[in-house]
Amino acid sequence: VVSTQSTEAVVSTQSTGEDGGSDQRVYVKSDGKRFTDGKTLKLKTNSKYIIRIEVTPAKKVMDALFVNSVQQDILEIGGSKNNMFVYKAAFETNNIGVTGHSDRDTLIISAHLMGVGVVMVPIQTKYYGDEFRANSGFPLGNIVVDFEEFKDKHENV
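This write-up is about the structure you can find in this document. Every value quoted in this text rests on a predicted model; they were computed, and no experiment measured them. (Residues numbered from 1 in each chain as written. Predicted model: local features only at pLDDT ≥ 70, side-chain atom pairs only at ≥ 80, totals over all residues. Heavy atoms only, no water.)

1. Things to note about the pairing of strand β2 (residues 27-30)
Residues in a regular strand point their side chains to alternate faces of the sheet. Both β2 and strand β3 (residues 39-44) contribute to a ladder of four bridges, which runs antiparallel. Note that in β3 the partner of Val-28 across the bridge is Leu-41. Looking at chain direction, β2 and strand β11 (residues 138-139) are connected through two bridges and run antiparallel. Residue Tyr-27 lies in a different strand from β11, and its bridge partner there is Pro-139. (Pairing = 2+ DSSP bridges. Helix = DSSP H or I, 4+ residues; strand = E, 2+ residues; numbered from the N terminus.)

2. Description of the pairing of strand β5 (residues 62-67)
Pairing between β5 and strand β9 (residues 105-113): five bridges, direction antiparallel. Within β9, the residue paired with Val-67 across the bridge is Ile-109. Looking at chain direction, β5 and strand β6 (residues 70-71) are connected through two bridges and run antiparallel. Its bridge partner lying in β6, Val-67 is registered against Val-70. Connecting β5 to the next strand, β6, in antiparallel fashion are two residues, including Asn-68 with a positive phi near 50°.

3. Here's the deal with the sheet that holds β9
One key point about sheets: their strands pair by backbone hydrogen bonds, in either a parallel or an antiparallel sense. In spatial order, the strands read β6-β5-β9-β10-β3-β2-β11; together these seven strands make up an open sheet with mixed pairing. The sheet is open, and its two borders are formed by β6 and β11, each paired with just one other strand. Relative to strand β10 (residues 117-128), β3 runs parallel, the two being bridged by four bridges. Residue pairing in the sheet places Lys-42 in a bridge with Lys-126 of β10.

What follows is the structure, encoded as structure tokens:
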């Protein structure tokens, strides 16, 4: 007998300001049908970004977090009143080049979750060197990922 429990992870990103504060938004632009996805995340090169992951229902499940195959240090914030467990991590776009005018890159967030496995979230992305271009479009809210947790149940017969 296999039972499943639906789990949701909400991923959001936030840019850290030049003064070290984390009050800047990350933007998305509409690309229409020119690329695989109709929307593109806009990130600035040589910058630091905060990823916030909220897991519902609230339980400690994150073993590791990778951004573009680089393991990130996870800060466990813990449970909240909304039946979720919150994690944060910072990643930097140092050593990432500017994306070409008619090209797109893929930002891959990989969360290693106990009892689930690896949940990979590929995000169509364009990296800018110009702050003005990276800060236009519409603000990113959240990226919601639903997945199922599988558990084997053995019954004594």
